[in-house]
Amino acid sequence: TQGVSSAASDVYKRQALTRKTPTAASAAVVGAEILAASAEVIAARTGLMAQGLTSAKGQDLKELSLMSSEKTEAMSASADAMAASAGAIGQRLGRVAMDESAHALRAAAAVTQARTPAQAAEAQFSYAMGWWSRAAAQAITLNGELLKAQAEALAPIHKTATANAKRLRKTR
(Lines give C-alpha, C1' and ligand atoms only; values in the text may rest on other atoms or scores of the structure.)
Protein backbone atom coordinates (compact mmCIF):
# COMPACT_ATOMS: atom_id res chain seq x y z
CA THR A 1 0.00 0.00 0.00
CA GLN A 2 2.90 2.35 0.61
CA GLY A 3 3.90 2.04 -3.05
CA VAL A 4 0.33 2.78 -4.16
CA SER A 5 -0.04 5.87 -1.94
CA SER A 6 3.39 7.09 -3.03
CA ALA A 7 2.48 6.61 -6.68
CA ALA A 8 -0.86 8.42 -6.16
CA SER A 9 0.99 11.27 -4.45
CA ASP A 10 3.38 11.48 -7.41
CA VAL A 11 0.43 11.64 -9.82
CA TYR A 12 -1.15 14.49 -7.85
CA LYS A 13 2.16 16.37 -7.78
CA ARG A 14 2.56 15.95 -11.56
CA GLN A 15 -1.01 17.13 -12.15
CA ALA A 16 -0.40 20.22 -10.01
CA LEU A 17 2.85 20.93 -11.84
CA THR A 18 1.13 20.45 -15.19
CA ARG A 19 -1.59 22.96 -14.31
CA LYS A 20 1.01 25.55 -13.30
CA THR A 21 3.52 24.90 -16.04
CA PRO A 22 3.66 26.90 -19.27
CA THR A 23 3.20 24.87 -22.39
CA ALA A 24 5.57 24.59 -25.30
CA ALA A 25 3.00 26.53 -27.34
CA SER A 26 3.00 29.43 -24.86
CA ALA A 27 6.82 29.48 -24.96
CA ALA A 28 6.67 29.67 -28.76
CA VAL A 29 4.22 32.58 -28.58
CA VAL A 30 6.49 34.44 -26.14
CA GLY A 31 9.46 33.78 -28.44
CA ALA A 32 7.55 35.14 -31.43
CA GLU A 33 6.57 38.24 -29.45
CA ILE A 34 10.20 38.80 -28.47
CA LEU A 35 11.27 38.50 -32.11
CA ALA A 36 8.57 40.90 -33.31
CA ALA A 37 9.31 43.45 -30.57
CA SER A 38 13.05 43.17 -31.20
CA ALA A 39 12.60 43.81 -34.92
CA GLU A 40 10.49 46.86 -34.11
CA VAL A 41 13.04 48.19 -31.62
CA ILE A 42 15.97 47.57 -33.97
CA ALA A 43 14.20 49.40 -36.79
CA ALA A 44 13.34 52.37 -34.56
CA ARG A 45 16.81 52.62 -33.06
CA THR A 46 18.48 52.24 -36.45
CA GLY A 47 16.40 55.19 -37.62
CA LEU A 48 17.50 57.19 -34.57
CA MET A 49 21.16 56.37 -35.29
CA ALA A 50 20.81 57.39 -38.93
CA GLN A 51 19.12 60.60 -37.84
CA GLY A 52 22.00 61.23 -35.42
CA LEU A 53 24.54 60.84 -38.24
CA THR A 54 22.89 63.56 -40.28
CA SER A 55 22.24 66.01 -37.44
CA ALA A 56 23.93 66.41 -34.08
CA LYS A 57 20.64 67.73 -32.70
CA GLY A 58 18.88 64.63 -34.00
CA GLN A 59 20.80 62.30 -31.71
CA ASP A 60 18.85 60.73 -28.90
CA LEU A 61 21.72 59.87 -26.57
CA LYS A 62 19.41 58.76 -23.79
CA GLU A 63 17.73 56.18 -26.02
CA LEU A 64 21.04 55.02 -27.49
CA SER A 65 22.56 54.60 -24.01
CA LEU A 66 19.64 52.37 -23.02
CA MET A 67 20.64 49.85 -25.68
CA SER A 68 23.39 48.37 -23.52
CA SER A 69 22.01 48.82 -20.01
CA GLU A 70 18.58 47.36 -20.82
CA LYS A 71 20.08 44.31 -22.47
CA THR A 72 22.47 43.77 -19.57
CA GLU A 73 19.67 44.02 -17.00
CA ALA A 74 17.32 41.71 -18.93
CA MET A 75 20.02 39.12 -19.59
CA SER A 76 21.16 39.25 -15.96
CA ALA A 77 17.59 38.66 -14.72
CA SER A 78 17.24 35.84 -17.25
CA ALA A 79 20.49 34.23 -16.09
CA ASP A 80 19.38 34.55 -12.45
CA ALA A 81 16.10 32.79 -13.29
CA MET A 82 17.94 30.00 -15.12
CA ALA A 83 20.40 29.54 -12.26
CA ALA A 84 17.57 29.30 -9.71
CA SER A 85 15.70 26.80 -11.88
CA ALA A 86 18.80 24.72 -12.55
CA GLY A 87 19.59 24.61 -8.84
CA ALA A 88 16.07 23.51 -7.90
CA ILE A 89 15.95 20.91 -10.67
CA GLY A 90 19.39 19.60 -9.71
CA GLN A 91 18.39 19.25 -6.06
CA ARG A 92 15.23 17.37 -6.98
CA LEU A 93 17.11 15.06 -9.35
CA GLY A 94 19.68 14.39 -6.63
CA ARG A 95 16.90 13.33 -4.25
CA VAL A 96 15.39 11.15 -7.00
CA ALA A 97 18.75 9.47 -7.60
CA MET A 98 19.07 8.73 -3.88
CA ASP A 99 15.52 7.34 -3.79
CA GLU A 100 16.26 5.16 -6.81
CA SER A 101 19.40 3.85 -5.13
CA ALA A 102 17.24 2.81 -2.17
CA HIS A 103 14.81 1.04 -4.55
CA ALA A 104 17.73 -0.77 -6.19
CA LEU A 105 19.15 -1.80 -2.83
CA ARG A 106 15.80 -3.23 -1.73
CA ALA A 107 15.46 -5.05 -5.06
CA ALA A 108 18.96 -6.51 -4.77
CA ALA A 109 18.14 -7.69 -1.26
CA ALA A 110 14.90 -9.27 -2.51
CA VAL A 111 16.77 -11.09 -5.29
CA THR A 112 19.48 -12.39 -2.95
CA GLN A 113 16.91 -13.51 -0.37
CA ALA A 114 14.77 -15.33 -2.92
CA ARG A 115 14.46 -19.04 -2.21
CA THR A 116 13.82 -20.05 -5.81
CA PRO A 117 14.84 -18.82 -9.25
CA ALA A 118 11.17 -17.90 -9.84
CA GLN A 119 11.16 -15.68 -6.74
CA ALA A 120 14.41 -14.03 -7.88
CA ALA A 121 12.93 -13.39 -11.32
CA GLU A 122 9.77 -12.00 -9.73
CA ALA A 123 11.85 -9.60 -7.60
CA GLN A 124 13.81 -8.48 -10.66
CA PHE A 125 10.63 -8.04 -12.68
CA SER A 126 8.97 -6.07 -9.89
CA TYR A 127 11.95 -3.71 -9.68
CA ALA A 128 12.11 -3.30 -13.47
CA MET A 129 8.41 -2.46 -13.75
CA GLY A 130 8.67 0.02 -10.90
CA TRP A 131 11.75 1.56 -12.46
CA TRP A 132 9.99 2.09 -15.80
CA SER A 133 7.08 3.76 -14.05
CA ARG A 134 9.35 6.00 -11.98
CA ALA A 135 11.51 6.85 -15.00
CA ALA A 136 8.47 7.84 -17.07
CA ALA A 137 7.13 9.97 -14.22
CA GLN A 138 10.51 11.66 -13.82
CA ALA A 139 10.71 12.40 -17.54
CA ILE A 140 7.29 14.06 -17.45
CA THR A 141 8.17 16.05 -14.34
CA LEU A 142 11.52 17.15 -15.77
CA ASN A 143 9.87 18.22 -19.02
CA GLY A 144 7.45 20.41 -17.06
CA GLU A 145 10.24 21.87 -14.95
CA LEU A 146 12.28 22.72 -18.04
CA LEU A 147 9.32 24.45 -19.70
CA LYS A 148 8.78 26.46 -16.52
CA ALA A 149 12.49 27.34 -16.40
CA GLN A 150 12.35 28.46 -20.03
CA ALA A 151 9.33 30.67 -19.35
CA GLU A 152 10.99 32.21 -16.29
CA ALA A 153 14.20 32.87 -18.24
CA LEU A 154 12.35 34.46 -21.16
CA ALA A 155 10.13 36.65 -18.97
CA PRO A 156 12.61 39.50 -18.30
CA ILE A 157 13.72 39.54 -21.95
CA HIS A 158 10.09 39.58 -23.12
CA LYS A 159 9.21 42.35 -20.66
CA THR A 160 12.11 44.54 -21.80
CA ALA A 161 11.66 43.96 -25.54
CA THR A 162 7.91 44.57 -25.54
CA ALA A 163 8.22 47.62 -23.26
CA ASN A 164 10.87 49.10 -25.58
CA ALA A 165 8.71 48.52 -28.64
CA LYS A 166 5.72 50.13 -26.94
CA ARG A 167 7.77 53.14 -25.76
CA LEU A 168 9.42 53.65 -29.14
CA ARG A 169 6.05 53.44 -30.92
CA LYS A 170 4.94 56.47 -28.90
CA THR A 171 7.97 58.56 -29.92
CA ARG A 172 7.43 58.18 -33.65
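Higher on the page you've got the structure.
Below or above, wherever it landed, is the structure these notes cover.

Reading the values: rules and limits
Residues numbered from 1 in each chain as written. Predicted model: local features only at pLDDT ≥ 70, side-chain atom pairs only at ≥ 80, totals over all residues. Heavy atoms only, no water. Helix = DSSP H or I, 4+ residues; strand = E, 2+ residues; numbered from the N terminus. Polar contact = N/O pair within 3.5 Å; in protein donor to acceptor, adjacent residues only side chain to side chain. Contact = heavy atoms within 4.5 Å. Expected span 1.5 Å × (residues − 1). Bend = angle between axes of the 7 residues up to and from the residue. Salt bridge = Lys/Arg side-chain N within 4 Å of Asp/Glu carboxyl O. Buried < 20%, exposed > 50% of the residue type's maximum accessible area, 1.4 Å probe, protein only.

1. Thoughts on the side chain of N164
Then, number 1: On the secondary structure map, N164 appears in helix α4 (residues 117-171).
Then, number 2: Side-chain polar atoms of N164 contact the side chain of E70, separated by 2.8 Å.
Then, number 3: Beyond its immediate sequence surroundings of up to four residues, N164 is in contact with V41, R45 and E70.

2. Overview of α4
Then, number 1: The end-to-end C-alpha distance of α4 is 80 Å, a good match for the 81 Å that 55 residues give at a rise of 1.5 Å each.
Then, number 2: Approximately 35° is the largest bend angle found in α4, and it occurs at A155, with the proline P156 only one to four residues beyond.

3. Considering the pattern of salt bridges
Then, number 1: Applying the stated rule across the entire model yields eight salt bridges.
Then, number 2: A salt bridge links R167 to E63; its shortest N-O distance comes to 2.8 Å. In this pair, R167 sits in helix α4 while E63 sits in helix α3 (residues 61-113), placing the two residues 104 residues apart along the sequence.
Then, number 3: One salt-bridge network, held together by shared partners, links R45, E63, E70 and R167.

4. Structural notes on the environment of E152
Then, number 1: Along the chain, E152 turns up in helix α4.
Then, number 2: A residue is classified by how much of its surface remains accessible, and E152, at 30% relative accessible area, is partly exposed.
Then, number 3: Considered as a pair, E152 and A84 are 68 residues apart in the sequence and their alpha carbons are 9.8 Å apart.
Then, number 4: Among residues more than four places away in sequence, those in contact with E152 are A81 and S85.
Then, number 5: Side-chain polar atoms of E152 contact the side chain of S85, separated by 3.1 Å.

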